[in-house]
Amino acid sequence: MKTKLEILPPEILSIIFSYLSWNEILESFWLLNTRFDSLICSLFSVNKTGIILNKPGISYQKFSSTLFPLICNSLSLCSAIKYIHFDGLNSISYDIIGQILFGKNNTKNINFPNLKSLNLTECSLSESLIETLSFLIQNQLNQLKLKFNEEAFALIEAQTKYCSGGLKSGKLMYRWQQFIHQIFSDDSQLISLELDISKSSYYIHKCLKSYSHPLSNATFYEFHSCSAMLRYLHIHIKHRYFLEDLILCVPNLEELSVQFQSSLTIFTEPESIIQMIKSPHEYWFNKVPKLKYFTLKSHVDDDAEFAYLKWLLNNVNHVIKLKLHLSNSGIWRADQTIWKSMIDADFIVKYFLPDEIMNLKYFEFYICSKCNTLSYDMEKTINSFKTNKFFVDHESTNVHCFYDENLSYQHIFSFGPNHFRHFHGLCNHSYGDDWPYIRQIYIDCHPSLYLFLERLDVYFPRPCSSVSDEDKVRAKLFARLISMPVQLKYLHVGQFEWLLYVILYASDDLRQNALTSVVYAEFCISSCNRGNNESIHIGKHLVPLLNTHMPNLQTLKLWRPDDFPWTSRTTYCLNQFLFVRPNFKTGHFYWSALMRWMKLLATSQSINEHVTTFEQDLYELVDKLKRFTFLEIHGKVSYEKVEAYRSMTQNHFSQCRTDIQTTRFRLWI
């Protein structure tokens with residue numbers, strides 16, 4: 001007998017599925033009957049629906065023992081999957097991508113024959129990952145999104161310096177350069193690419209021009225071919241060289257979106273910029289003649305960068321749609337005269353449009369700049385667009401403008417606030433009621449509140465009962481800030497001590513169950529080896545607080561100044577050496593005692609003791625938080641401790657996935 005759920009029409013079931021994650025759909029409905037299986041396969045065949053590991057909650061054990069076998073045992077489901085998204089914020093899934101795609105034998109027979117789109121965000125870099133991506137862009141994918149974490153490029157650069165002082169590539173750098181060349185060559189069948197290398201160095205940005213072999217002194221220049229398939233390109237970069245070099249490799253590009261990490265010409269002398277602009281060159285019209293859409297987001301700080309911006313816009317003067325998101329750093333400099341002018345329609349036409357406009361039909365912009373309160377006239381600025389010939393001819397006179405009185409910033413934009421999903425700066429202006437798509441708001445608070453937050457450590461030097469009434473008022477204010485969200489899921493607090501003080505001194509002002517919905521938490525937590533006698537023991541409150549107030553926590557990220565363990569266990573002696581830091585008396589001999597203690601930390605006995613302490617920390621965390629799946633700790637340890645921690649996790653957390661480096665510990669349970 002069929003249930004009421006089973007007789008619902010496909011349209012209703014699709015709406016129900018839209019409220020569920022992909023793993024919930026498979027666990028709840030797969031193999032219920034052939035009708036549901038067929039509906040799920042059709043759902044997974046839609047773009048952006050597939051295997052998605054980008055949110056807290058999916059454990060490694062569930063994925064490897066339940067979800068992945070369930071998928072692989074169904075040929076129809078494997079064939080339906082076209083999209084895979086692995087994210088490094090809540091898992092180490094990118095580390096097993098080869099196993100997921102090709103099986104444990106890692107043959108080149110892919111498990112998902114119709115896979116077309118792959119999204120890797122906040123991932124690390126390895127030779128095996130590059131090899132997998134190299135195969136996929138040649139034989140499988142037409143869409144690829146890559147965003148690497150900062151450690152990925154730090155590893156490349158460390159190997160490069162180790163090999164030859166930065167002049168000769170390490171093996172990983174060489175493989176990365178080869179892969180970038182492959183992306184922009186006829187070896188790639190990619191149609192769409194999103195690439196974020198904004199956290200990498202100058203050398204990586206120059207890899208399109210030349211690269212060196214790690215085992216010889218040979219240097220290779222230029223390209224042997226171009227990427228004729230690539231149509232849509234979105235890049236996030238730090239240096240302009242990468243943009244200028246890749247234009248030679250994408251002759252059929254139709255859409256180009258460029259975001260600079262900071263300013264347009266960072267680390268480039270203004271004189272060299274001016275010289276480059278004045279030198280004869282071939283405009284991009286002959287290099288990317290099919291380019292229709294160009295988007296640019298960047299800081300523009302000085303007059304030389306304005307000149308480079310004009311050079312860039314003149315190169316894309318044949319596009320149909322131009323979209324700009326520009327701002328300045330807000331710091332006045334002697335070489336910054338253009339920004340001091342009044343920003344109105346004439347200013348935008350002069351500096352933010354090509355000198356010669358060929359095919360432009362749609363122009364959208366968002367300009368944010370520091371300006372003088374006394375000389376600012378909002379009404380005059382808005383009216384200037386209603387009379388300017390360019391904006392009248394293009395029917396783009398509906399320009400919005402507002403002024404942030406607290407920060408003295410002027411905001412001018414042609415596209416409505418509905419386009420924003422993230423907004424920085426909650427200001428009192430007339431457009432605040434027209435934001436149906438806003439999902440995140442970043443608030444620039446009054447400077448007095450920032451001063452309060454910065455001085456929390458001063459007001460509350462340690463958990464104690466002797467705090468003043470004024471200090472308790474500050475804790476109550478912080479408690480009310482935390483209580484504002486209706487359902488708080490992601491919590492980032494600068495110092496763990498701040499949250500601890502709220503629990504101790506302002507629990508009455510903390511809304512009941514305000515933290516029970518938190519699934520992701522991120523804190524800085526003080527060292528167990530350095531600091532005063534009270535701060536080194538702060539970590540012992542971490543797990544009890546999480547267990548009591550955040551029982552549903554799934555992902556925890558900690559920032560440490562040194563070692564990974566967050567507690568100091570009971571002090572005892574072994575062969576007259578202390579392996580958990582004692583309380584040093586303040587006074588003349590405090591620093592000498594601390595220095596002697598720091599030297600002891602490098603001994604093998606001390607390393608073994610800290611490994612045991614860390615093991616106990618991990619066991620307690622996993623035991624108390626029943627829904628916990630992922631831990632990431634940023635710190636700094638020696639290579640000897642890295643190997644010791646790896647050995648410990650292999651012995652005691654063998655069913656989990658780990659990634660342990662000198663600056664980071666990751667555990668996917």
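About the cut-offs
- Residues numbered from 1 in each chain as written.
- Predicted model: local features only at pLDDT ≥ 70, side-chain atom pairs only at ≥ 80, totals over all residues.
- Heavy atoms only, no water.
- Helix = DSSP H or I, 4+ residues; strand = E, 2+ residues; numbered from the N terminus.
- Buried < 20%, exposed > 50% of the residue type's maximum accessible area, 1.4 Å probe, protein only.
- Contact = heavy atoms within 4.5 Å.
- Axes fitted to C-alpha atoms, helices over the stretch in contact; angles between N-to-C directions.
- Parallel < 35°, antiparallel > 145°, perpendicular 65-115°, else oblique.
- Left-handed = near helix turned anticlockwise from the far one by under 90°.
- Nonpolar A, V, L, I, M, F, W, Y, C, P; charged D, E, K, R; others polar.
- Salt bridge = Lys/Arg side-chain N within 4 Å of Asp/Glu carboxyl O.
- Phe/Tyr/Trp six-rings, centres within 6.5 Å; stacked < 30°, edge-to-face > 60°.
- Core = buried A, V, L, I, M, F, W, Y, C linked by side-chain atoms within 4.5 Å.
- Polar contact = N/O pair within 3.5 Å; in protein donor to acceptor, adjacent residues only side chain to side chain.
- Expected span 1.5 Å × (residues − 1).

As recorded in an unreviewed UniProt entry, the chain goes by F-box domain-containing protein and comes from Rotaria magnacalcarata.

Draft legend 1. Expanded view of the overall build of the chain. A count of helices and strands for the chain gives 24 helices and 24 strands. Each of the 669 residues in the chain was classed as buried or not, and the buried ones make up 51%. Of all intrachain contacts in the chain linking residues separated by at least 6 positions in sequence, the fraction that spans at least 24 positions is 74%.

Draft legend 2. Expanded view of the packing of helix α1 (residues 10-17) against helix α3 (residues 34-44). Relative orientation of the contacting elements α1 and α3 amounts to 60°, with a least axis distance of 11 Å. In terms of orientation, α1 and α3 fall into the oblique class. Our pair here, α1 against α3, has a crossing hand that is right-handed. Residues Pro10, Leu13, Ser14 and Phe17 of α1 touch α3, and the partners they reach there are Arg35, Phe36, Leu39, Ile40 and Leu43. Residue composition of the contact of α1 with α3, grouped by class: seven nonpolar, one polar and one charged.

Draft legend 3. Inspection of the pattern of salt bridges at higher detail. A complete count under the given rule lists 18 salt bridges for this structure. Taking the shortest distance from any N to any O, the salt bridge between Glu364 and Lys323 comes out at 3.9 Å. Separated by 41 residues along the polypeptide, Glu364 in strand β12 (residues 362-370) and Lys323 in strand β11 (residues 321-327) bring together distant segments of the chain. Via salt bridges that share partners, Glu632, Asp659, Arg664 and Arg666 belong to a single interconnected network.

Draft legend 4. View of the packing of aromatic side chains. Evaluated as defined, the whole model comprises 40 aromatic pairs. On the numbers, 5.5 Å between centres and 15° between planes, the contact of Tyr366 with Phe413 is stacked. Here Tyr366 is found in strand β12, whereas its partner Phe413 is found in strand β14 (residues 409-413), with 47 residues between them in sequence. By relative accessible area, which is 2% here, Phe413 ends up buried. Taking 5.0 Å as the distance between ring centres and 65° as the angle between the ring planes, the aromatic pair formed by Phe614 and Tyr645 counts as edge-to-face. Here the residue Phe614 occupies a position in helix α23 (residues 604-624), and Tyr645 occupies one in helix α24 (residues 639-652), the gap between them amounting to 31 residues. You'll find Phe614 and Tyr645 in the same group, each marked buried. Three or more aromatic residues joined by ring pairs form one cluster here, namely Phe306, Trp339, Phe347, Tyr351 and Phe352.

Draft legend 5. Seen up close, unusual backbone geometry. Here Leu31, not a glycine, exhibits a phi torsion of approximately 70°, which is positive. Residue class for Leu31 comes out exposed when judged on its relative accessible area of 64%. In this model, Glu122 sits at a positive phi of 50°, which is unusual for a non-glycine residue. Its relative accessible area of 15% is what places Glu122 among the buried residues.

Draft legend 6. Just the nonpolar core, in detail. Counting residues in each nonpolar core, the largest one holds 125 residues, and the members touching the most others are Trp22, Phe63, Phe112, Trp176, Phe184 and Phe352. Not counting the four nearest positions on each side in its chain, Phe112 is found in contact with Ile51, Phe68, Ile71, Cys78, Ile81, Ile84, Ile100, Leu101 and Gln140.

Draft legend 7. Representation of the environment of Glu632. As for its position among the elements, Glu632 is in strand β22 (residues 630-634). Looking at Glu632, the relative accessible area reads 3%, which means it is buried. Measuring from C-alpha to C-alpha, the distance between Glu632 and Asp659 comes to 9.3 Å, with 27 residues separating the pair along the chain. Each residue touching Glu632, except ones within four places of it in the same chain, is listed here: Gly88, Leu89, Leu556, Lys557, Leu558, Arg664, Phe665 and Arg666. Side chain to side chain, Glu632 and His634 meet in a polar contact 2.6 Å long.

Draft legend 8. Spotlight on helix α7 (residues 127-139). Here α7 contains 13 residues, and its C-alpha end-to-end distance of 19 Å stays within 8% of the 18 Å for a straight helix at 1.5 Å per residue. Where α7 is concerned, the buried positions are Leu129, Ile130, Thr132, Leu133, Ser134, Phe135, Leu136 and Ile137. Contact partners of the buried residues in α7: α6 (97-102), β3 (117-123), β4 (143-148) and α9 (171-183).

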